[in-house]
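Commentary on secondary and tertiary structure
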Amino acid sequence: MARNLWIGRPGFMREIAQAAKSWDRTADLNVTEFKSLEGNITTVAPARTVRRIKLSWDALPPGDAQHLTRLARRVNEPGFQGGPQPPYGPLALLDPASVNLLDPYQATAQSTQSSGTDHWFTVQGTIVVRPSLSDTVVADFQDATSRLGWRHGVWTGWPVMPGMQVSWLLPPDWNPATATAQLDWKAVDGSYLASTSANGTGVTGTAPAGAAFVTPIGGPGATGLYGLAGACLTIGEPTIAFSLGDGCPAMSVTGYTDVPTVPLPYRNVSLDLVEVRGAQL
């Protein structure tokens, strides 16, 4: 994964090279306990967990501090003349501790919908995603030229910046002799820019100029049922099959501090963020 943290609206992310003084990335479990008169415990929890991230920095240089302040206060970047990403929308955060940018349930082929449309979509051909006998879904490729796309869930793809090196690994049970792995690069408005593809189950490409998103795509090159678990998407690091999907969730700032420090204009800044499906004023 990219060794420094990147944060900002898609297409306008900034690299924060200074390591955070404190960094908490614990998921919010939301488990509620009920205790009976006999002393037995029952727990109730939602089907999905969300990420919460707390970051703080000491003596940030003014450029980085102002960028984080703009994000927290929903103020546009300098010289911004309007575009498809409003200042009050969700933020992208590339976490250097993440091993796999796929959603955790997506990486293990778990879906809240029997059709799998929360995590996958048909790019080309005829594909039917359906539950298997276990707690996963599989894809039925009905012609050899079919292509399946992995869906981010909030944006048109995973946020990137030009020059980033992205690696994509298809599910390990796909045959490398027939499979094709592909990365589609898209602009900030979601329009298609270019593709990087390779024969086999893995591909690495560099985000071109103007790229704000990448969509991973794959085709097994044959018909039949194929598993979807074990895929991996990384930036700046090798891919690892069946690695935990840390996700690259859309985030919203819920807490913020900005304390001037000596020497000025350096500042101590902290951000609290939570995973969201949308963010509005």
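Higher on the page you've got the structure.
Now for a quick tour of the structure. (Residues numbered from 1 in each chain as written. Predicted model: local features only at pLDDT ≥ 70, side-chain atom pairs only at ≥ 80, totals over all residues. Heavy atoms only, no water.)

1. Points about the sheet that holds strand 11 (residues 137–141)
Here we have 3 strands laid out as an open sheet, ordered 10-11-19, and antiparallel in their pairing. Each end of this open sheet is capped by a strand with a single partner; those strands are strand 10 (127–131) and strand 19 (224–227). Within this sheet the neighbouring strands show an average axis-to-axis angle of 30°, counted without direction. As paired elements, strand 11 and strand 19 share 4 bridges and run antiparallel to each other. Across the sheet, Asp-140 pairs through a bridge with Leu-225, a residue of strand 19. (Pairing = 2+ DSSP bridges. Helix = DSSP H or I, 4+ residues; strand = E, 2+ residues; numbered from the N terminus. Axes fitted to C-alpha atoms, helices over the stretch in contact; angles between N-to-C directions.)

2. Points about the pairing of strand 22 (residues 267–275)
Within strand 22, 7 of the 9 residues are buried, which leaves the element mostly enclosed by the surrounding structure. Pairing of strand 7 (residues 50–60) with strand 22, which is carried by 7 bridges, proceeds in the antiparallel orientation. Across the sheet, Arg-52 pairs through a bridge with Val-274, a residue of strand 22. When strand 21 (residues 251–260) meets strand 22, the two strands line up antiparallel, connected through 9 bridges. In the strand pairing of strand 22, Pro-260 is matched with Arg-267. The antiparallel hairpin formed by strand 21 and strand 22 contains 6 residues in its connecting segment. (Buried < 20%, exposed > 50% of the residue type's maximum accessible area, 1.4 Å probe, protein only.)

3. Quick word on the nonpolar core
Counting residues in each nonpolar core, the largest one holds 44 residues, and the members touching the most others are Leu-148, Trp-150, Val-160, Trp-168 and Leu-228. The next biggest cluster of nonpolar side chains, apart from the first, holds 17 residues, and it includes Ile-16, Trp-57, Val-269 and Leu-271. (Core = buried A, V, L, I, M, F, W, Y, C linked by side-chain atoms within 4.5 Å.)

4. Notes on the sheet that holds strand 8 (residues 92–94)
Taken together, the 3 strands give an open sheet; going across it, the order is 2-1-8, and neighbouring strands pair in antiparallel fashion. A single partner strand is all that each edge strand has here, and the edge strands are strand 2 (14–16) and strand 8. Between one strand axis and the next, the sheet turns by 20° as a mean value, whatever way the strands run. Pairing analysis gives 3 bridges linking strand 1 (residues 5–8) to strand 8, with the strands arranged antiparallel. In the strand pairing of strand 8, Gly-8 is matched with Ala-92.

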